[in-house]
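So the chains spell out like this:
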Amino acid sequence: MSAAAKIQLDAHGRLRHLLTTEGLGRELLTEILDTAESFVPVTRNDVKKVPLLRGRTVVNLFFEASTRTRSAFELAAHRLSADVLNIEGSSSSTTKGETLLDTLKTLESMHVDMFVIRHGESGAAEFFAEHAGDGVAILNGGDGRHAHPTQGLLDVFTIRRHKPDVAGLSVAIVGDVLHSRVARSDIHALRELGVRDIRVVGPKTLVPPELDALGVSVHHDLRAGLDGADVVMLLRLQRERMSGHYLPAGSAFHRGFGLNETTLRYAKPDALLMHPGPINRGVEIAAPVAYGDQSVILEQVSHGVAIRMAVMAMIIGAHRT
Ligand code: CP
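Residues numbered from 1 in each chain as written. Predicted model: local features only at pLDDT ≥ 70, side-chain atom pairs only at ≥ 80, totals over all residues. Heavy atoms only, no water.

Asker: Quick rundown of the site of the ligand? Include the residues and the values.
Answerer: If you check the shell around the ligand, you find A65, S66, T67, R68, T69, R118, H148, Q151, P276 and G277 and nothing else. When the ligand sits alone it has 250 Å² of accessible area, and the protein chains cover 91% of it. For the shell around the ligand, the class distribution of residues is 2 nonpolar, 6 polar and 2 charged. Here the shell around the ligand spans two domains, and each of domain 1 (3-147 + 302-316) and domain 2 (149-296) adds at least three residues to it. (Near = heavy atom within 4 Å. Areas by Shrake-Rupley, 256 points an atom, 1.4 Å probe, with all protein chains shown as cover. Nonpolar A, V, L, I, M, F, W, Y, C, P; charged D, E, K, R; others polar. Domains from an automatic or database assignment.)

Structure below.
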């Protein structure tokens, strides 16, 4: 088990931080999903507030762009009645040379309780967790290629709502697996829930060989990879992380690995179509299927609020006792 997986749990096996979906265990992961389920009605009420984090302060510290994750964490914190501080890396004093450690210690000195951090470097959230003071929790909002645990959790939450027998499903994860922290978090979460048939599908340049160790099967042919799949999870082509010539132009990628009305038929007729967003229309996914009958992409976004509420509430609850 990785160091991040170990330090995120306290001596009683409860969430102290959330850095990765690796090593959460089926019981704790299921508790997170069940807690999120209990928050879904709160996210839909006229008055979308509960007092669980009243008097607490959450810092959203984002060094990379985000629409879904940052908004959902902010909404989740507000709906739990916390105070929220939003800081963008591009306007923080890190641009003047302040280190990440000094940024953490500076904000901690204002007696905040929880940080959500997104950073381009793998391990940034773990670094924060290693150096955070007693009682300060770190939530990983995505670090480099390493992990995006709340995305992994909201993805399995969405799958479980549609197909409760999660362990028996065939799940195909398609596209730019190499650069994807979402793929890694999804794979760990699915494995913790007992899913045996997890396939990664993509061109050879975008599927790293070390994934074999995670117990997935690798496919470089879309039809074979989607054959009989219950869930098709597409990934965004992350051009901003590509320094070399990993793949041909977007249109050529779509011809080989893109999802459209024709290629979606390779999967089961009732397969769920998922994507963490943001989508590249016409590259990994065609717009008609992105918003078609099988798509649950916007449900994933919606569930992101309940999942983040659950994680925050469980961490604060563990800190209280
Ligand atoms: N899925 C996801 O992380 O989206 P954002 O980059 O918009 O947060």
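This is not the end of the story, as more comes after the structure.
Asker: Go over the packing of aromatic side chains, please, and point to the residues and values.
Answerer: Summed over the entire model, instances satisfying the criterion amount to 1 aromatic pair. Here F115 and F128 contribute two aromatic rings whose centre-to-centre distance is 5.7 Å and whose plane-to-plane angle is 90 degrees, an arrangement assigned as edge-to-face. Of this pair, F115 sits in strand β3 (residues 114-119) while F128 sits in helix α5 (residues 124-131); the two residues are 13 residues apart in sequence, bridging distant segments of the chain. One exposure class covers both F115 and F128, and it is buried. (Phe/Tyr/Trp six-rings, centres within 6.5 Å; stacked < 30°, edge-to-face > 60°. Helix = DSSP H or I, 4+ residues; strand = E, 2+ residues; numbered from the N terminus. Buried < 20%, exposed > 50% of the residue type's maximum accessible area, 1.4 Å probe, protein only.)

Asker: Tell me about the nonpolar core, and please be specific about residues and values.
Answerer: Core analysis: the largest hydrophobic core is formed by 64 residues, its most contacted members being I32, F39, L139, I173 and M312. If one sorts the elements of this core by residue count, helix α11 (residues 297-320) sits on top with 11 residues. The residues that make up this core include at least three from each of domain 1 (3-147 + 302-316) and domain 2 (149-296). In this structure F39 touches V50, L52, L80, A306, M309, A310 and A313, once residues within four positions along its chain are discounted. Counting 24 residues, the second-largest nonpolar core is a separate cluster that includes A172, V201, L222 and I297. (Core = buried A, V, L, I, M, F, W, Y, C linked by side-chain atoms within 4.5 Å. Contact = heavy atoms within 4.5 Å.)

Asker: Before we move on, could you go through a nonpolar patch on the surface and cite the residues and values that matter?
Answerer: On the surface, a cluster of nonpolar side chains totalling about 300 Å² of accessible area is made up of Y291, L298 and V301. Within the secondary structure, V301 sits in helix α11. Using a relative accessible area of 36% as the deciding quantity, one classes V301 as partly exposed. (Patch = residues over 30% accessible without salt bridge, like charges linked within 9 Å, V, L, I, M, F, W, Y side chains within 5 Å. Salt bridge = Lys/Arg side-chain N within 4 Å of Asp/Glu carboxyl O.)

Asker: Help me get a handle on empty space enclosed by the protein, residues and values and all.
Answerer: For the structure on display, the rule yields 1 cavity of 30 Å³ or more. Here the largest cavity is characterised by a volume of approximately 60 Å³. Taken together, R68, T69, A72, Q151, L154, P276, Q300, V301 and R308 make up the lining of the largest cavity. Contributing elements (two or more residues each) for the lining of the largest cavity: α3 (68-79), α6 (149-162) and α11. Class assignment of the residues belonging to the lining of the largest cavity gives a composition of 4 nonpolar, 3 polar and 2 charged. Two domains each donate at least three residues to the lining of the largest cavity, and these are domain 1 (3-147 + 302-316) and domain 2 (149-296). (1 Å grid on protein atoms, 1.4 Å probe; cavity = no way out; pocket = protein on both sides within 12 Å on 5 of 7 lines; lining within 4 Å. Points joined across faces, edges and corners; volume = space filled by probe spheres on them.)

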